[in-house]
Amino acid sequence: MLAVRLICVGKLGEKFWKDACEEYAKRLSAYCKLEVIEIAEQRLPDAPTEGQIRQALMREAEAIRAKILPGTAVIALCVEGRQLSSEALAETLGTLTVAGISRIAVLIGGSCGLDEALKQEAKLRLSMSKMTFPHHLARVMALEQIYRALNILAGGKYHK
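Residues numbered from 1 in each chain as written. Predicted model: local features only at pLDDT ≥ 70, side-chain atom pairs only at ≥ 80, totals over all residues. Heavy atoms only, no water.

A. Spotlight on the overall build of the protein. A tally of helices and strands in the protein yields five helices and five strands. Beginning at the N terminus, the succession of helices and strands in the protein can be written as β-α-β-α-β-α-β-α-β-α. Taking 160 residues into account, the globule formula puts the C-alpha radius of gyration at 15 Å, and the protein, at 15 Å, falls close to it. Along the three orthogonal principal directions, the C-alpha set of the protein runs to about 50 × 35 × 25 Å. (Helix = DSSP H or I, 4+ residues; strand = E, 2+ residues; numbered from the N terminus. Rg over C-alpha atoms; globule rule 2.2 N^0.38 Å.)

Put into structure tokens, the structure is as follows:
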């Protein structure tokens, strides 16, 4: 069974975000072994410099890398990534599994995004939109799209 690690910077605070994530986690249990890992977001001053932001992103990237198992295909969510349809995401995940990949890590950065080097290391840089979303909403959206993609691959009716 496919193992999916959703590695997120920051914690979910509000119950409605947690409820939505739990719903998709429950649905995903039929298609994969899901693990959601939260990495602490680095604290920054109210008006951080570019250098302070870069240092914080590098520290977050180290913590993220420590949670990526060897042989894992990494998908980094970032605004400059490729935009894919749900069907194309399903095809991408299907191609990875056919190639023998059994572990996928999806990375969601915090309020300052992800470290550039970490994004460059990813197998796929994926954008949900040219718009910016709060990372809490991005987590729900990522889980829903992973569920939709795996349901498409299984020939399910959810996507229709």
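B. A look at the side chain of E60. Mapped onto the elements of the fold, E60 is located in helix α2 (residues 50-65). Of the buried charged residues, E60 lacks a salt bridge, with R59 as the closest side chain of opposite charge at 7.8 Å. With sequence-adjacent residues up to four places away left out, E60 is seen in contact with V9, I39, A40, E41, Q42 and G113. (Buried < 20%, exposed > 50% of the residue type's maximum accessible area, 1.4 Å probe, protein only. Lys, Arg positive; Asp, Glu negative; His and termini not counted. Salt bridge = Lys/Arg side-chain N within 4 Å of Asp/Glu carboxyl O. Contact = heavy atoms within 4.5 Å.)

C. Representation of the packing of aromatic side chains within the structure. For the coordinates displayed, the defined rule picks out four aromatic pairs. Aromatic rings pair up to connect Y24, Y31, Y147 and Y158 into one cluster. (Phe/Tyr/Trp six-rings, centres within 6.5 Å; stacked < 30°, edge-to-face > 60°.)

D. Local environment of the pattern of salt bridges. With the rule as written, the count across this model stands at 11 salt bridges. We note a salt bridge from E35 to R5, for which the minimum N-O separation is 2.9 Å. A residue pair is termed long-range when its members are at least 10 positions apart, and E35 in strand β2 (residues 32-39) and R5 in strand β1 (residues 2-9) qualify at 30 residues. A salt bridge links R65 to D115, with the nearest nitrogen and oxygen atoms 4.0 Å apart. One end of the pair, R65, is in helix α2; the other, D115, is in the loop between β4 (103-108) and α4 (116-121), with 50 residues separating them in the sequence.

E. Quick look at the confidence of the model for the protein. Counting all residues, the mean pLDDT for the protein is 95, and 99% of those residues have values of 70 or more. Ranking the helices and strands of the protein by mean pLDDT puts β4 first, with 98, and helix α5 (residues 135-153) last, with 95. (pLDDT = per-residue confidence, 0-100.)

F. Focus on the sheet that holds β4. The five strands lie next to each other as β2-β1-β4-β3-β5, forming an open sheet whose pairing is parallel. Both outer strands of the open sheet, β2 and β5 (124-127), are each paired with one neighbouring strand and no more. Direction aside, the axes of adjacent strands within the sheet are offset by 30° on average. (Pairing = 2+ DSSP bridges. Axes fitted to C-alpha atoms, helices over the stretch in contact; angles between N-to-C directions.)

G. Region of the structure containing the packing of helix α1 (residues 15-28) against α5. For the pair α1 and α5, the least separation of the axes is 9 Å and the interaxial angle reads 15°. Between α1 and α5, the crossing angle belongs to the class labelled roughly parallel. Seen along the crossing, α1 lies across α5 with a hand that is left-handed. Contact residues: α1 offers W17, A20, C21, Y24, R27 and L28, while α5 offers H136, L137, R139, V140, L143, E144, I146, Y147 and L150. A per-class count over the contact of α1 with α5 returns 11 nonpolar, one polar and three charged. (Parallel < 35°, antiparallel > 145°, perpendicular 65-115°, else oblique. Left-handed = near helix turned anticlockwise from the far one by under 90°. Nonpolar A, V, L, I, M, F, W, Y, C, P; charged D, E, K, R; others polar.)

H. Here's a closer look at the pairing of strand β3 (residues 73-83). Sheet analysis places β3 next to β4, joined by four bridges and oriented parallel. The residue of β4 that forms the bridge with A73 is I104. Viewed along the sheet, the connection from β3 through helix α3 (residues 86-98) into β4 turns out right-handed. Examined bridge by bridge, β3 and β5 share five bridges and lie parallel to one another. Paired with Q83 across the bridge in β5 is S127. (Right-handed = clockwise from strand over helix to strand, strands pointing away.)

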